[in-house]
Amino acid sequence: MKIRDLTELAGRNLREALLRNSLTTMGIAVGVASLVAMLSLGVGLQELASKRLSSSGLFDAVFVAPRMNDRGFERDQRPSPGSGDHSRPLDQAAREQMAKLPNVVEVYPEIRFSTDILYAGNPYMSMVAGIPESARNGGAFDGMKGAFFSGPNADETILQIDFAKRLADNPDSLIGKEIVLRYAERQTLPAQSSADPPPDAKTKSAADSNLSSGFSVIPRQKKLRIIGIVETEPAAGFGGFGRGRVLIPEELAEKLSAAQSNDLRDILRGSSGAHNFASLTARVKAASDVKAAEDAIKAMGFSTFSLLDATKNLRLVFAVFDLLLGIFGSLALVVASLGIINTLVMAILERRREIGVLKALGASDRDVRKLFFAEAGAMGLLGGMLGVLIGWLLGQGITFGTNVYLQRRDLPAIQISSVPWWMIVGAISFSIAVSLAAGLYPASRAARLNPVEALRYE
Amino acid sequence: MNANNHFAIRADHVRRHYQMGSTLVRAVDEVSLSVGKGEFVALLGSSGSGKSTLLNLMAGLDRPTSGAIFAHDRNLAEMTPDELAHHRGHTVGMVFQAFNLLPRMTLEENVELPLRLAEIDRKERANRVREAIERVHLTARLTHRPTEMSGGEQQRAALARALVNRPTILLADEPTGNLDSATGDEIMRLLREINESLGMTIVMVTHERPRAAEFAHRLLQMKDGKLISDGVQP
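All values derive from a computational prediction rather than experimental measurement. (Residues numbered from 1 in each chain as written. Chains lettered and ligands numbered in written order. Predicted model: local features only at pLDDT ≥ 70, side-chain atom pairs only at ≥ 80, totals over all residues.)

Caption draft 1: Here's a closer look at the overall build of chain B. Of regular secondary structure, chain B possesses seven helices and ten strands. In chain B, buried positions account for 47% of the 234 residues. Nonlocal contacts in chain B, meaning residues at least 24 apart in sequence, comprise 71% of its contacts between residues at least 6 apart. (Helix = DSSP H or I, 4+ residues; strand = E, 2+ residues; numbered from the N terminus. Buried ≥ 20, exposed ≤ 12 C-beta atoms within 10 Å, placed from the backbone. Contact = placed C-beta atoms within 7 Å.)

Below is the structure:
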């Protein structure tokens with residue numbers, strides 16, 4: 001029998017026992033719905049975790065330090081004993097070279113300094129951090145109140161909510177208001193001889209060669225307009241554990257030339273007078289680009305660090321999690337498959353005579369088997385489609401309920417369920433496959449019916 | 001030239017025995033007969049004589065325990081299940097006492113069913129269905145379901161369904177058994193018309209000797225599974 005005729009006959013047969021077949025199809029739909037709801041939660045949570053981690057700026061970044069000392073990341077990158085701590089400085093030239101590497105989006109220094117903030121005449125001690133422009137599109141500021149910086153040099157600030165709460169009971173009211181940043185500007189002085197003469201000529205000569213330019217510190221103030229409030233400090237980079245509370249644009253932060261803790265060490269170490277970075281963060285397009293960028297930067301003579309392996313472990317954990325959810329979700333579908341077997345076996349009893357007539361009119365065993373298969377497959381297809389819809393609605397319902405709960409606790413809304421296209425296709429295919437498997441026994445039983453006995457059946 | 005070429009059906013020492021509890025039932029026992037092409041044969045006998053079993057063997061719905069049964073040149077006893085299905089779909093058409101129309105289908109759909117199974121092209125189907133329905137004079141009932149038709153109309157519909165695949169042999173199992181006398185005669189006249197106009201071989205099982213004698217060319221009498229008489233009508 002041709003597929004079109006088979007489909008028409010199967011559809012006609014299904015419509016004939018509408019209530020029973022609808023209930024069986026609903027059983028499949030509930031099974032598929034439970035599977036889809038479980039998996040959508042698994043995938044949704046995975047996406048949420050990945051997004052959060054990615055917005056933390058830890059997984060798409062390579063952290064770079066000079067290869068020389070206690071700031072270097074890897075022991076095997078240390079210079080050999082006796083060679084001293086001289087290596088390529090992490091300066092502006094190196095930064096520009098890194099920025100030109102393929103898939104590197106941005107290279108920026110870690111700027112964060114502890115300072116005084118004046119608001120409404122009161123001083124508050126806090127940590128200021130520079131935020132790179134690339135953080136704008138990284139999803140890190142999702143759910144923030146207010147807006148991202150209008151430009152890389154804007155005199156604007158985004159406050160971390162804990163700090164904002166220290167300034168005002170209602171943090172949202174701070175948006176649009178101004179704070180004053182009091183900081184110490186670092187101004188480089190020209191190189192000069194040591195003020196105290198060395199005890200002997202030999203020592204003096206050595207000391208002169210090691211002395212570099214110094215810097216003076218000038219107190220400055222900068223007015224900044226508060227334009228946003230954010231839950232956590234995003235794109236903090238490797239040094240981000242220091243938790244910046246007052247976030248300013250990266251370029252503005254660099255222009256301020258605020259004295260940082262490593263400046264003192266630079267004076268003692270440096271010889272050229274040029275400003276070297278204690279560390280740089282090279283942000284790449286995607287986590288998959290980290291390895292290549294890291295290798296290239298190492299080849300330039302720097303020490304690097306990334307959290308690449310952590311994402312691999314995370315994926316493994318979620319794969320196991322999804323598998324378990326899938327198994328539990330499939331149990332309902334297994335129960336539904338028993339419903340299909342029951343429905344089709346009942347149909348054989350009811351349509352015994354009809355099967356006999358079909359055979360008398362020329363239907364082969366294969367035709368009868370295909371007809372019952374088509375009916376099982378149609379129930380699987382309809383049940384699968386309905387199940388995906390119900391599962392999606394369940395996921396949305398759970399997300400809604402969770403967000404109501406989170407809002408009551410003053411936490412930001414999240415999307416914890418996700419139904420990607422592969423899940424839709426997979427769930428419907430799985431539903432059809434389970435239904436066909438359930439139809440195997442009834443279909444072969446119908447095909448084996450003796451036509452003479454079937455025709456005699458009342 | 002093969003001797004079988006003269007015959008539409010030939011049975012050669014056919015037996016159909018089956019076990020019912022501890023009893024061996026000899027439904028058909030050593031029956032040999034032949035039905036010529038274009039013949040109208042009536043198979044007579046009382047209930048349990050084995051006539052319907054023999055008809056089922058000719059239809060390829062059942063297989064003989066031993067012996068050979070030929071439809072044209074081919075031995076049904078040696079056919080594969082698929083070949084038997086093809087035989088039922090193309091070589092023979094069947095009519096039953098209980099009509100056996102599918103109740104949820106209209107007349108048109110019932111008649112079309114063998115064409116669906118035979119994978120006949122849709123355009124061709126419409127022509128054949130119309131032709132078969134015209135032959136049994138049921139054109140006005142195309143969209144009616146079996147429950148909306150009289151017994152005679154249902155049997156004519158069943159006849160149209162049996163003819164639609166243009167078989168060479170028509171097998172009818174008590175075709176007038178569920179009909180009143182006048183309607184039964186009407187069906188018999190239709191069978192004779194089909195036999196004469198199409199040259200179709202007809203084997204009809206019946207227990208109504210007078211009616212069989214009136215319409216059939218030849219009467220075969222069965223008793224206890226055996227063929228006891230074979231008489232050509234004058």
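From this point, things continue past the structure.
Caption draft 2: Representation of the overall build of chain A within the structure. Helix and strand counts for chain A stand at 13 helices and eleven strands. Within chain A, contacts between residues at least 6 apart in sequence are counted, and of these 84% link residues at least 24 apart.

Caption draft 3: Broad picture of the sheet that holds strand S7 (residues 169-173) of chain B. Residue and element names in this part refer to chain B. The strand order across the open sheet formed by six strands is S6-S7-S8-S3-S9-S10, and the pairing between neighbours is mixed. The outermost strands of the open sheet, each flanked by one partner alone, are strand S6 (92-95) and strand S10 (226-232). Each strand of the sheet is rotated relative to its neighbour by a mean of 15°, with strand direction disregarded. Where S6 and S7 come together, four bridges link them in parallel fashion. Residue Val 95 lies in a different strand from S7, and its bridge partner there is Ala 172. (Pairing = 2+ DSSP bridges. Axes fitted to C-alpha atoms, helices over the stretch in contact; angles between N-to-C directions.)

Caption draft 4: View of the interface of chain B and chain A. On the side of chain A, 17 residues touch chain B, which itself brings 20 residues to the contact. Breaking the side of chain B that touches chain A down by element, the ones donating at least two residues are helix H1 (51-59), helix H2 (81-91) and helix H3 (107-117) of chain B. Top contributing element to the side of chain B that touches chain A by residue count: H2 of chain B, with six residues. Taken together, the residues that form the side of chain B that touches chain A break down as ten nonpolar, four polar and six charged. (Nonpolar A, V, L, I, M, F, W, Y, C, P; charged D, E, K, R; others polar.)

Caption draft 5: Structural detail: helix H1 (residues 3-16) of chain A. Residue and element names in this part refer to chain A. Relative to the 20 Å expected for 14 residues at 1.5 Å per residue, H1 spans 20 Å between its end C-alpha atoms, a close match to the ideal helical length. Among all positions of H1, only Asp 5, Leu 9, Ala 10 and Leu 14 are buried. In a view along the axis of H1, the buried residues occupy a sector of 165°, so they form one face of it. Set apart from the buried face of H1 by more than 90 degrees, the exposed residues are Arg 4 and Arg 15. (Expected span 1.5 Å × (residues − 1). Arc of directions from axis to C-beta.)

Caption draft 6: Quick peek at the environment of Val 320 of chain A. Mapped onto the elements, Val 320 of chain A comes out in helix H9 (residues 308-350). Between the C-alpha atoms of Val 320 of chain A and Gly 42 of chain A, which are 278 residues apart in sequence, the distance is 10.0 Å.

Caption draft 7: Seen up close, the environment of Met 149 of chain B. Residue and element names in this part refer to chain B. Topologically, Met 149 is positioned in the loop between helix H4 (122-135) and helix H5 (151-163). Met 149 sits 42 residues away from Leu 107 along the chain, and the two C-alpha atoms are 9.2 Å apart. If sequence neighbours within four positions are ignored, Met 149 has contacts with Arg 141, His 144, Gln 154 and Ala 157.

Caption draft 8: The sheet that holds strand S10 (residues 280-284) of chain A, seen in detail. Residue and element names in this part refer to chain A. The strand order across the open sheet formed by four strands is S2-S10-S1-S11, and the pairing between neighbours is antiparallel. The sheet is open, and its two edges are formed by strand S2 (104-109) and strand S11 (302-305), each paired on a single side. Strand after strand, the sheet turns through a mean of 25° between neighbouring axes, direction not considered. Helix H3 (residues 92-99) rests against strand S1 (61-66), S2 and S10 of the sheet, and its axis sits at about 160° to S2.

Caption draft 9: Expanded view of unusual backbone geometry. All names here are of chain B. In this structure, Asn 100 takes a positive phi of about 55° despite not being glycine. Counting through the fold element by element, Asn 100 comes out in the loop between S6 and H3. Not every positive phi belongs to a glycine, and His 137 is a case in point at roughly 60°. Classification of His 137 as partly exposed rests on a count of 13 C-beta atoms within 10 Å.

Caption draft 10: Representation of the confidence of the model for chain B in the model. The share of residues in chain B with pLDDT of 70 or more is 97%, and the mean pLDDT across the chain is 92. Both confidence scores are given for the complex: pTM 0.66, ipTM 0.93. (pLDDT = per-residue confidence, 0-100.)

Caption draft 11: Up close: H5 of chain B. All names here are of chain B. Over its 13 residues, H5 runs 18 Å from end to end, which matches the ideal 18 Å to within 8%, given 1.5 Å per residue. Counting buried residues along H5, eleven of its 13 residues qualify, which places the element largely inside the surrounding structure. Among the residues of H5, those classed as buried are Glu 153, Gln 154, Gln 155, Arg 156, Ala 157, Ala 158, Leu 159, Ala 160, Arg 161, Ala 162 and Leu 163. Tucked into the core, H5 has its buried residues touching S6, H3, H4, S7 and helix H6 (181-198).

Caption draft 12: A look at the nonpolar core. Val 36 of chain A together with Ile 9, Leu 43, Ala 160, Leu 171 and Val 203 of chain B are the most contacted members of the largest nonpolar core, which has 124 residues in total. Leu 171 of chain B has contacts with Leu 55, Met 58, Ala 59, Val 92, Met 94 and Val 203 of chain B, leaving out every residue within four places of it along the chain. If you look at the next biggest cluster of nonpolar residues, it comprises 30 residues, including Leu 174, Ile 179, Val 246 and Leu 252 of chain A. (Core = buried A, V, L, I, M, F, W, Y, C linked by C-beta atoms within 7 Å.)

Caption draft 13: View of the environment of Ile 161 of chain A. Residues and elements named next belong to chain A. On the secondary structure map, Ile 161 appears in helix H4 (residues 161-167). Separated by 69 residues in sequence, Ile 161 and Val 230 place their C-alpha atoms 5.7 Å apart. Beyond its immediate chain neighbours, meaning those up to four positions away, Ile 161 contacts Pro 171, Ile 229, Val 230 and Glu 231.

Caption draft 14: The arrangement of the packing of H3 of chain B against H4 of chain B in detail. Residues and elements named next belong to chain B. Look at H3 against H4: their axes get within 10 Å of each other, and the N-to-C directions meet at 120°. Compared by their axis directions, H3 and H4 come out oblique. In the packing of H3 onto H4, the handedness of the crossing is right-handed. Taking contact as the criterion, the partners of Leu 107, Glu 108, Val 111, Glu 112 and Leu 115 in H3 are, on H4, Arg 125, Arg 128, Val 129, Ala 132 and Ile 133. Looking at side-chain class alone, the contact of H3 with H4 contains six nonpolar, no polar and four charged residues. (Parallel < 35°, antiparallel > 145°, perpendicular 65-115°, else oblique. Left-handed = near helix turned anticlockwise from the far one by under 90°.)

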